[in-house]
Amino acid sequence: MTETASPTEIDGPNFDSARSEMVARQIRDRGIRSPRVLQAICAVPRHQFVPAESLSEAYADAPLPIGEGQTISQPYIVAAMTEALRLEGRERVLEIGAGSGYQAAVLSLLAREVIAVESQPVLASRARLLLARLGYMNVCIEEGDGTLGWPSRAPYDAILVAAAAPHVPQALRDQLAEGGRMVIPVGEMDYQELICIEKAHGGLVRRSLGGCRFVPLVGRCGWQRSSVNSLELARE
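Analysis parameters
Residues numbered from 1 in each chain as written. Predicted model: local features only at pLDDT ≥ 70, side-chain atom pairs only at ≥ 80, totals over all residues. Heavy atoms only, no water. Helix = DSSP H or I, 4+ residues; strand = E, 2+ residues; numbered from the N terminus. Rg over C-alpha atoms; globule rule 2.2 N^0.38 Å. Buried < 20%, exposed > 50% of the residue type's maximum accessible area, 1.4 Å probe, protein only. Contact = heavy atoms within 4.5 Å. Areas by Shrake-Rupley, 256 points an atom, 1.4 Å probe, with all protein chains shown as cover. Salt bridge = Lys/Arg side-chain N within 4 Å of Asp/Glu carboxyl O. Pairing = 2+ DSSP bridges. Polar contact = N/O pair within 3.5 Å; in protein donor to acceptor, adjacent residues only side chain to side chain. pLDDT = per-residue confidence, 0-100. Core = buried A, V, L, I, M, F, W, Y, C linked by side-chain atoms within 4.5 Å. Disulfide = S-S within 2.5 Å.

### What to know about the overall build of the chain
On a plain count of helices and strands, the chain comes out with eight helices and nine strands. Whereas a compact globule of 236 residues would reach a radius of gyration of roughly 18 Å, the chain reaches 17 Å, a difference of no more than 12%. Taken along its principal axes, the extent of the C-alpha atoms in the chain is 50 × 45 × 35 Å. Residues counted as buried form 52% of the 236 residues belonging to the chain. If you take every contact in the chain between residues at least 6 apart in sequence, the share linking residues at least 24 apart comes to 57%. Roughly 10,700 Å² of accessible area belongs to the chain as shown, and the carbon and sulfur atoms make up 51% of that amount.

### Some remarks on the pattern of salt bridges
Working definition: two side chains of opposite charge can pair if their charged atoms are close together. Inspection of every chain in the model, using the stated rule, returns 10 salt bridges. A salt bridge links Glu88 to Arg90, with the shortest nitrogen-to-oxygen separation between them at 2.5 Å. Take Glu88 and Arg90: they sit in the same class, and that class is exposed. One salt bridge in this structure joins Arg92 and Glu113, with 3.0 Å as the shortest N-O distance. Linking Arg92 in strand 3 (residues 92-96) with Glu113 in strand 4 (residues 113-118), this pair joins segments that are 21 residues apart in sequence. Glu113 sits in the buried class, given a relative accessible area of 14%. Several salt bridges converge on common partners, so that one network encompasses Arg92, Arg112, Glu113 and Arg153.

### Section: the environment of Gln103
By secondary structure assignment, the location of Gln103 is in helix 5 (residues 102-108). Through-space distance from the C-alpha of Gln103 to that of Tyr156 is 17 Å; in sequence the pair is 53 residues apart. What Gln103 contacts, discounting residues up to four positions off in sequence, is Val78, Thr82, Glu95 and Leu160.

### Some words on the pairing of strand 9 (residues 203-212)
Relative to strand 9, strand 8 (residues 192-200) is paired through nine bridges, and the arrangement is antiparallel. By the bridge assignment for strand 9, Glu193 is matched with Gly211. Linking strand 8 to strand 9, which pair antiparallel, is a turn of two residues; within it His201 sits at a positive phi near 55°.

### Let's talk about the side chain of Gln192
Of note, Gln192 is situated in strand 8. Among the polar contacts made by the side chain of Gln192, one reaches the main-chain carbonyl oxygen of Met189 at a distance of 3.3 Å. Here Gln192 is in contact with Ala164, Pro185, Val186, Gly187, Gly210, Gly211, Cys212, Arg213 and Phe214, once residues within four sequence places are set aside.

### With respect to the confidence of the model for the chain
Across the chain, the average pLDDT comes to 91, with 90% of residues at or above 70. Taken as a whole, residues 5-10 scores under 50 in pLDDT and shows 11 contacts with residues more than four places along the chain or in a different chain.

### Structural notes on the nonpolar core
Of all hydrophobic cores here, the largest spans 54 residues; its most connected members are Ile41, Phe49, Leu87, Tyr102, Val106, Leu131 and Ile141. Looking at this core element by element, the count peaks at six residues for helix 4 (residues 75-84). Ranked by size, the runner-up nonpolar core spans 20 residues in total, among them Leu94, Val168, Ile197 and Leu217.

### A look at the state of the cysteines
Under the criterion given, the structure shown has zero disulfides. Left unpaired, Cys196 is separated from the closest cysteine sulfur, that of Cys212, by 13 Å.

### Topic: unusual backbone geometry
A cis geometry characterises the amide bond from Ala154 onward to Pro155, with omega recorded as 5°. Locating Pro155 in the fold gives a position in the loop between strand 5 (139-143) and strand 6 (156-161). You will see that Glu68, though not glycine, has its phi angle at about 60°, which is positive. Counting through the fold element by element, Glu68 comes out in the loop between strand 1 (64-67) and strand 2 (70-72). Here Glu68 falls in the partly exposed class, since its relative accessible area comes to 41%. A positive phi angle, close to 55°, is found at His201, a residue other than glycine. Counting through the fold element by element, His201 comes out in the loop between strand 8 and strand 9.

Laid out in structure tokens, this is it:
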């Protein structure tokens, strides 16, 4: 089982310095301008959300494996997706693919409430415990099929999907509030386009945020597990 390091093992001034440099070089220098987003990412201890064996790479310019075939996203991608949601502090946000809980922690500092759905029981449990221990009390981690959203708490002012879908799931379209925004990677399993969708007058307005590569969004309205397994076998 992948384990995260305990706070006594990983807290310290070197991580503060590494985090400040990450925000400056990987995020601000690449065009992220929102002061609130920069502040939130600077405040969240990313090293708490990576496995112990990846601790030295916690602030690297790359995604990192967190177990169960999932990753913690590259810091710039976290920032770009978060900025695109244009959160003001009063929103209810749905995150699909909670993973380690890092993205949810960032969102929690920018919105009123975050509901994060994770399909892998081990990751969901670990993220739930970690976020509670670190004091992110406005985040709720739910275990389930993220392609179906979380209808009992809908509608959502913003939806962030941290896994690649072949198309935008209808359930997520339906659960997005009027005037709300969704950021989601859409495309093939090996390469996607990151798009921002805004619901206006019942319709959806799209704009591209550029190319990207995420792990597949597996579920009833996403990629099927058999397709993902076939791709993984082909890579071996």
